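A closer look at the structure
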Amino acid sequence: MDTLLPVAPKVRCHARGWRVAVSLLALLLVAPSAFAGTGPGGKAVTPIIAQIDAGHFKAADAAIAGALAQPGLSADTRHALAFQRERMRRILLDFTLGADEVKARVRQQIPDLSDAEFAKWNAAGLFEHQLIDGRTLYFKRSPGNLFRLSPEAVARRAVQTPIGDGPMEALNEHQRAIYQTALAGHKSSVLPRRLRMTQTLTVDADAVPAGETVRAWIPYPQAVPGQQEDIRYVASVPATHQIAPASAPQRTVYLEKPAVAGQKTVFSVTYELTLFAQYHAIDPARVTAEKITPELAPFVAERAPHIVFTDAMRAFSRKVVGEEKNPYRIAQKLFAAVDQIPWAGAREYSTISNISDYALHAGHADCGQQTLLLMTLLRLNGIPARWQSGMVYSDDGSRYSNIHDWGYLYLPPYGWVPMDVTTGRLHPAAGDDKALEWFYLGGLDNWRIAFNDDYGRRFQPSKRQFRSDDVDSQRGEAEWRGGNLYFDQLDYGFDWQVLPAAQGRSGN
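Worth saying up front: this structure is predicted, and the values here are computed from it rather than measured.

Considering the overall build of the chain
Assigned secondary structure in the chain consists of 13 helices and 17 strands. For the chain, the C-alpha radius of gyration of 23 Å lies close to 23 Å, the compact-globule estimate for 508 residues. Overall, the chain is about 65 × 55 × 55 Å in size when its C-alpha atoms are taken along their principal axes. For the chain, buried positions account for 57% of its 508 residues.

This is the structure we're talking about:
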């Protein structure tokens, strides 16, 4: 009988085990498929995407130029081709280091790092890199990611400083309170708290010519009964604003402001909302196979380019699931397997042609990549799964905040229940209920705000220029008539205050 994978040790917020997970993947996987995407202009763009993924940027650029020169090209195809040129530019912003620069950065923490040691770790895939037009270029975060991926490297550090964890990475009293309150009250939505949040988006000085209008989109919370309710707009800078309707799957506040020479262009939105924690006490014996209704059908389907049932995905699923038939037990096995993939700082999502396939093969993944991989595997097994994302914060005095992705799966008779595979399996103490290990497969803390109930959807109003992140929406986006303002031209921030529970009860 197949068994669940052992619980991997925690190493940081959103982090998972060590190279054991990479070894596991290497044993289970076949070669990755080069999926190139579908949609408008897909046939013209597919081979170009494959060229870019293979690192043939000069050839891809020539192919784009040739395709754009063809008469009668549709606007959709022109847009798709232009984005592939932009994708190459973004990749080169992420992959900026040569081998000597990587060594120099690692030697700041391992002063006696040898070339042979670097070569060994490089051969093991611990430094993410690409061969681009004959040059080996390393991901700019790969020196730091080394210490997320290798216990050997951690042991070699000259100064043993702890790797910082987020507040929910280890089992804590708040998670215990959620669990106990839900069970005692026979409720799945508990412990409401009122929060005031201000999110800022700051465009660099002189990124836009003086007098030109900067258009900005700042994420805004979804109205989700039993999760986050009573949302109330408080203020914004500038005051004139447009809040996307509650039906918008990626909800934002839209703002405009003229650029001033030599000054940063700052936007902000302040709102209040009530956040609920969740815990669903799932009895596996009660869970039945899903009857896929028309409403559920989209959530078991492929959705190119990031949810595709590749041969490698099927092989991984068969190895993990085995002969298991119970949907909850299948979900546990898949959750445990994805949870073991080590967390590492991620390249920008818009540069990746198939995120779930990337997460399956890269040897590491961040929260959104893990979530898309788990969603793909669940859907492949006939279990409806959907996306949710936003931000997480602390209520422990640390002022911790981060952007974060998680999801939901559908389990009859319980319906939609949350899952956070990156926070993952917890470690119950001797006196704890063992069920707390699976808190984040059916439960969710309320130290988070959901901005998005889906990924890769249009803003309302739509951007005219390319999105900086065409998958997720957490940091905010900006543009002007001359083009998009990418993440190297802006910054974002969160500031929050817990309010008395009775304060504020109506709004948008």
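Text resumes after the structure shown.
Concerning the pairing of strand β11 (residues 401-411)
The buried fraction of β11 amounts to nine of the eleven residues, a majority that puts the element mostly inside the structure. Taken together, the nine bridges between strand β10 (residues 385-393) and β11 define a ladder with antiparallel strand orientation. Across the sheet, residue serine 389 finds its bridge partner in β11, namely aspartate 405.

Points about the pattern of salt bridges
Using the criterion set out here, one finds 28 salt bridges in the structure. Its salt-bridge partner being glutamate 272, residue arginine 194 comes within 3.7 Å of it at the nearest N-O pair. In this pair, arginine 194 is assigned in strand β4 (residues 189-203) and glutamate 272 in strand β9 (residues 265-279), connecting sequence segments 78 residues apart. Taking the relative accessible area as the measure of exposure, glutamate 272 reaches 0% and is therefore buried. Each of Arg194, Arg196, Arg232 and Glu272 takes part in a single network of salt bridges with overlapping partners.

Remarks on the packing of helix α5 (residues 99-107) against helix α7 (residues 142-149)
With their axes 9 Å apart at the nearest point, α5 and α7 run at an angle of 55 degrees to one another. Considering their axes alone, α5 and α7 lie oblique with respect to each other. Crossing angle aside, the handedness with which α5 passes α7 is right-handed. Residues Val102, Arg105 and Val106 of α5 form the contact with α7, whose participating residues are Ser142, Pro143, Leu146 and Phe147. When the residues that make up the contact of α5 with α7 are grouped by side-chain class, the tally is five nonpolar, one polar and one charged.

Describing the sheet that holds strand β14 (residues 448-452)
On the basis of which strands lie adjacent, the open sheet formed by four strands has the order β12-β11-β10-β14 and antiparallel pairing. Every other strand in the sheet has two partners, leaving β12 (415-419) and β14 as the edge strands with one partner each. Neighbour-to-neighbour, the strand axes of this sheet turn through a mean angle of 35 degrees, independent of strand direction. Across the sheet, helix α13 (residues 367-380) lies against β10, β11 and β12, angled at about 160 degrees from β10, the strand it touches most.

Re helix α10 (residues 311-321)
What α10 keeps buried is the set Ala312, Met313, Ala315, Phe316, Ser317, Val320 and Val321. Remark: glycine 322 follows α10 within two positions and exhibits a positive phi of approximately 60 degrees.

Considerations on α13
With 14 residues, α13 should cover 20 Å at 1.5 Å per step; its first-to-last C-alpha distance of 20 Å lies within 8% of that length. The buried count for α13 comes to 14 of 14 residues, which makes it a mostly enclosed element. Its side-chain oxygen at 3.4 Å from the backbone nitrogen of glycine 368, aspartate 366 defines the N-terminal cap of α13. In the segment just after α13, glycine 382 is the residue with positive phi, at about 80 degrees.

Concerning the sheet that holds strand β2 (residues 129-132)
Strand order in the open sheet formed by three strands is β1-β3-β2, with antiparallel pairing between adjacent strands. Two strands bound the open sheet, and with one partner strand each, they are β1 (95-97) and β2. Looking at each pair of strands side by side, their axes are set apart by 55 degrees on average, direction ignored. Strand direction decides the pairing type here: β1 and strand β3 (residues 135-139), joined by two bridges, are antiparallel.

Side note on unusual backbone geometry
At the junction of valine 237 and proline 238, the peptide bond is cis and its omega measures out at 0 degrees in the coordinates. Mapped onto the elements, proline 238 comes out in the loop between β6 (228-237) and β7 (242-243). Note that the residue after alanine 304, namely proline 305, is joined by a cis bond; omega there is 10 degrees. Topologically, proline 305 is positioned in the loop between β9 and α10.

Brief notes about the packing of aromatic side chains
Considering all chains together, one arrives at 17 aromatic pairs under this definition. Their ring planes at 55 degrees and their centres at 6.2 Å tell us that phenylalanine 118 and tyrosine 138 sit as a pair that is tilted. With phenylalanine 118 in helix α6 (residues 115-123) and tyrosine 138 in strand β3, this pair connects stretches of sequence that are 20 residues apart. Per residue, the accessibility class of phenylalanine 118 equals that of tyrosine 138, and both read buried. Each member of the aromatic cluster is reached from another via a ring pair, and the members are Tyr179, Tyr279, Phe439 and Tyr440. Just above the ring of tyrosine 408 sits the side chain of arginine 386; from NZ or CZ to the centre is 4.5 Å.

Points about the packing of α10 against α13
One can describe the packing of α10 onto α13 by two numbers: an axis separation of 10 Å at closest approach and a directional angle of 75 degrees. As the angle between them shows, α10 and α13 are arranged roughly perpendicular. Listed contacts from α13 to Met313, Arg314, Phe316 and Ser317 of α10 are Leu373, Thr376, Leu377 and Leu380. Residue classes in the contact of α10 with α13 are distributed as five nonpolar, two polar and one charged.

Thoughts on the pairing of β9
In terms of burial, β9 is a largely internal element, 14 of the 15 residues being buried. By the bridge criterion, 13 bridges tie β4 to β9 in an arrangement that is antiparallel. Considered in β9, the bridge of arginine 194 is made with threonine 274. Note: β9 against strand β13 (residues 443-444), two bridges, orientation antiparallel. For tyrosine 279, the partnering residue across the bridge sits in β13 and is glycine 443.

Thresholds applied
Residues numbered from 1 in each chain as written. Predicted model: local features only at pLDDT ≥ 70, side-chain atom pairs only at ≥ 80, totals over all residues. Heavy atoms only, no water. Helix = DSSP H or I, 4+ residues; strand = E, 2+ residues; numbered from the N terminus. Rg over C-alpha atoms; globule rule 2.2 N^0.38 Å. Buried < 20%, exposed > 50% of the residue type's maximum accessible area, 1.4 Å probe, protein only. Pairing = 2+ DSSP bridges. Salt bridge = Lys/Arg side-chain N within 4 Å of Asp/Glu carboxyl O. Axes fitted to C-alpha atoms, helices over the stretch in contact; angles between N-to-C directions. Parallel < 35°, antiparallel > 145°, perpendicular 65-115°, else oblique. Left-handed = near helix turned anticlockwise from the far one by under 90°. Contact = heavy atoms within 4.5 Å. Nonpolar A, V, L, I, M, F, W, Y, C, P; charged D, E, K, R; others polar. Expected span 1.5 Å × (residues − 1). Polar contact = N/O pair within 3.5 Å; in protein donor to acceptor, adjacent residues only side chain to side chain. Phe/Tyr/Trp six-rings, centres within 6.5 Å; stacked < 30°, edge-to-face > 60°. Lys NZ or Arg CZ within 6 Å of the ring centre and 35° of its normal.

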